[in-house]
Amino acid sequence: MNADNELCSRRLADEQADLVVEVFRMLADATRVQLLWALADRELSVNDLAAHVKKPAPSVSQHLAKLRMARLVRTRREGTQVFYRLENDHVRQLVTDAVYNAEHAGGAPAHHLDGGTLRVLHDEVLG
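Residues numbered from 1 in each chain as written. Predicted model: local features only at pLDDT ≥ 70, side-chain atom pairs only at ≥ 80, totals over all residues. Heavy atoms only, no water.

**A short note on the overall build of the protein**
In terms of helices and strands, the protein carries seven helices and three strands. Scanning the protein from its N terminus toward the C terminus, one meets helices and strands in the order α-α-β-α-α-β-β-α-α-α. For the protein, with 127 residues in total, the buried portion stands at 30%. Looking at the protein alone, contacts between residues at least 24 apart form 47% of all its contacts between residues at least 6 apart. (Helix = DSSP H or I, 4+ residues; strand = E, 2+ residues; numbered from the N terminus. Buried < 20%, exposed > 50% of the residue type's maximum accessible area, 1.4 Å probe, protein only. Contact = heavy atoms within 4.5 Å.)

**Looking at helix 5 (residues 89–103)**
Over its 15 residues, helix 5 runs 21 Å from end to end, which matches the ideal 21 Å to within 8%, given 1.5 Å per residue. Where helix 5 is concerned, the buried positions are V91, V95, T96, V99, Y100 and E103. Down the axis, helix 5 shows its buried residues gathered within 160 degrees of arc, on one side only. Exposed and facing more than 90 degrees away from the buried side of helix 5 are H90 and N101. (Expected span 1.5 Å × (residues − 1). Arc of directions from axis to C-beta.)

**Regarding the pattern of salt bridges**
Under the definition given, this model contains eight salt bridges. Taking the shortest distance from any N to any O, the salt bridge between D14 and R11 comes out at 2.9 Å. One continuous salt-bridge network, built from bridges that share partners, spans E43, R76, E78 and R85. (Salt bridge = Lys/Arg side-chain N within 4 Å of Asp/Glu carboxyl O.)

**Describing the environment of E43**
Along the chain, E43 turns up in the loop between helix 2 (30–38) and strand 1 (44–45). We classify E43 as partly exposed; its relative accessible area is 27%. Taking the C-alpha atoms as reference points, E43 and Y84, separated by 41 residues in sequence, lie 5.5 Å from one another. Aside from chain neighbours lying at most four places away, what touches E43 is R76, F83, Y84 and R85.

**Describing a nonpolar patch on the surface**
Among the surface-exposed residues, L12, V20 and F24 lie close enough to one another that they form a single nonpolar patch of about 250 Å² accessible area. By secondary structure assignment, the location of V20 is in helix 1 (residues 14–26). Overall, the relative accessible area of 33% leaves V20 in the partly exposed class. (Patch = residues over 30% accessible without salt bridge, like charges linked within 9 Å, V, L, I, M, F, W, Y side chains within 5 Å. Areas by Shrake-Rupley, 256 points an atom, 1.4 Å probe, with all protein chains shown as cover.)

**A look at the sheet that holds strand 3 (residues 81–86)**
Pairing is antiparallel in the open sheet, where three strands are placed in the order 1-3-2. At either margin of the open sheet sits one strand with a lone partner, and together these are strand 1 and strand 2 (73–78). Pairing of strand 2 with strand 3 involves six bridges; the strand directions are antiparallel. Bridged to R74 within strand 3 is R85. Set on the sheet, helix 4 (residues 57–69) makes contact with strand 2 and strand 3; between it and strand 2 the angle comes to about 120 degrees. (Pairing = 2+ DSSP bridges. Axes fitted to C-alpha atoms, helices over the stretch in contact; angles between N-to-C directions.)

**Regarding helix 3 (residues 46–53)**
Within helix 3, the full set of buried residues consists of V46, L49, A50 and V53. Down the axis of helix 3, the sector holding all buried residues measures 100 degrees, keeping them to one side. Facing away from the buried surface of helix 3 by more than 90 degrees, the exposed residues are N47 and A51. Each element contacted by the buried residues of helix 3 is listed here: helix 2, strand 1, helix 4 and strand 3.

If you want it as structure tokens, here you go:
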């Protein structure tokens, strides 16, 4: 319910529709969704992300490269470490809404039961 309430009557340009499809293609992989969800409220290194999703760092790096090319994440280098964060608040909202929407399939969603804050839901999932 965070989307604009105004109906958009204009047709998307084909190029813009193609970019939207690419975003959804990036979200069509469970590992990439887990990575984006982990980054929803913080910045993490490749190794931290790999540990979080329980995948080898080289595999995680490949997923992150795809997410970066799709402009869903950005990087920051500190010495030899590379840190990742979401590209912007629109990506954060997209990932959060997708997670919240998926929760509805399982009955009473946690985001309705605990006030809906991202921090509370994240703490439960990462617990």
